[in-house]
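# Inside the fold
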Amino acid sequence: MKPIYLDYNATTPVAPEVADAMMPYLLEHFGNPSSSHAYGVETRRAVEQARLGVAGLLQCEPDEIVFTSSGSESNNTAIQGVALAHRDRGDHIVTTAVEHPAVIEVCRFLETQGFRTTCVSVDEHGLVNVEELERALTPATILITVMHANNEVGTVQPVAEISRLAHKRGIPLHTDAAQSVGKIPTRVDELGVDLLSVAGHKMYVPKGIGALYVRRGTRMQKLIHGAEHEGNRRAGTENVLEIVGLGRGAEVAAETSTRMPGISRPCGTVSTEPWSEP
């Protein structure tokens, strides 16, 4: 008897629409998107269309999306990138006790590099106390990182409330939204975040692809050095095949999310208005 799969928080199967969108880039369109000839132009167009799809789901500008290899890489890029870029003004990071290892282990690594971390506790429902988080902040705090939805119990953290607190103090806010993107509304203007991590395989896309939203003006240091791919924020030839899959997965999620409260703009349209604090 074939087992019944219910572990969708761990990973999801690939949606047929996603597989269909990817197939031409597996068998036919193989060009390097950095090449100026027709083969490269074809794949570059596909990458930018996918970027528009992810931006449409998050309701941000396309140039605020950086494609990565996973949600873990997105978290590493966000947390280490901001910490290293702001080391001149502080060394303190605030997070919670229930974060995914892809956040907690990054913070532990940074502690070996001279940074300090405060892990704020949660209540019996897994919910962080915003007042306790505020008390943890110091003049040396350079980043707050709080997950959006918990991968074990599903608790949704008050990210928008935390963002108002963070921005009053000029502290960047990162959220690991691997478990929420495509399931509940994750409009970055409503959440008020500066950085947001996406994991493709949690939203019916193959494993090995992710994205990081980086709000315009956010100062961070890149971790992968080389050529100036992804707006000079992540070196390495783009994984066109899986980027196309992530873009299509985001489009499918946006199409189905029209029944969700707070999602009204059609997929593929992006606001041109600047971010403002909620």
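Placed above this text is the structure.
These numbers come from a predicted model, not from an experiment. (Residues numbered from 1 in each chain as written. Predicted model: local features only at pLDDT ≥ 70, side-chain atom pairs only at ≥ 80, totals over all residues. Heavy atoms only, no water.)

What follows concerns the pairing of strand β5 (residues 173–176). Side chains L173 and T175 project from β5 onto one buried face, and the interleaved H174 and D176 project onto a second face that is buried too. In this sheet, β5 lies alongside strand β4 (residues 141–145) in parallel orientation, the contact comprising two bridges. Along β5, the bridge assignment pairs T145 with H174. Pairing between β5 and strand β6 (residues 195–199): three bridges, direction parallel. Each bridged residue has a counterpart across the sheet, and for T175 the counterpart in β6 is L196. (Buried < 20%, exposed > 50% of the residue type's maximum accessible area, 1.4 Å probe, protein only. Helix = DSSP H or I, 4+ residues; strand = E, 2+ residues; numbered from the N terminus. Pairing = 2+ DSSP bridges.)

Before going further, it helps to examine the pattern of salt bridges. Tallied over the entire structure, the rule returns 15 salt bridges. Note that E230 and R51 form a salt bridge whose closest N and O atoms lie 2.8 Å from each other. On the criterion of sequence distance, the pair formed by E230 in helix α8 (residues 229–232) and R51 in helix α2 (residues 38–58) is long-range, its members being 179 residues apart. R51 carries the same exposure label as E230, and that label is buried. Among the salt bridges present, the one from R219 reaches D88, with a minimum N-O distance of 3.7 Å. On the criterion of sequence distance, the pair formed by R219 in the loop between β7 (210–214) and α8 and D88 in the loop between α3 (71–85) and β2 (92–96) is long-range, its members being 131 residues apart. Counted as one network, the salt bridges with shared partners bring together R44, E48, R51, E230 and E238. (Salt bridge = Lys/Arg side-chain N within 4 Å of Asp/Glu carboxyl O.)

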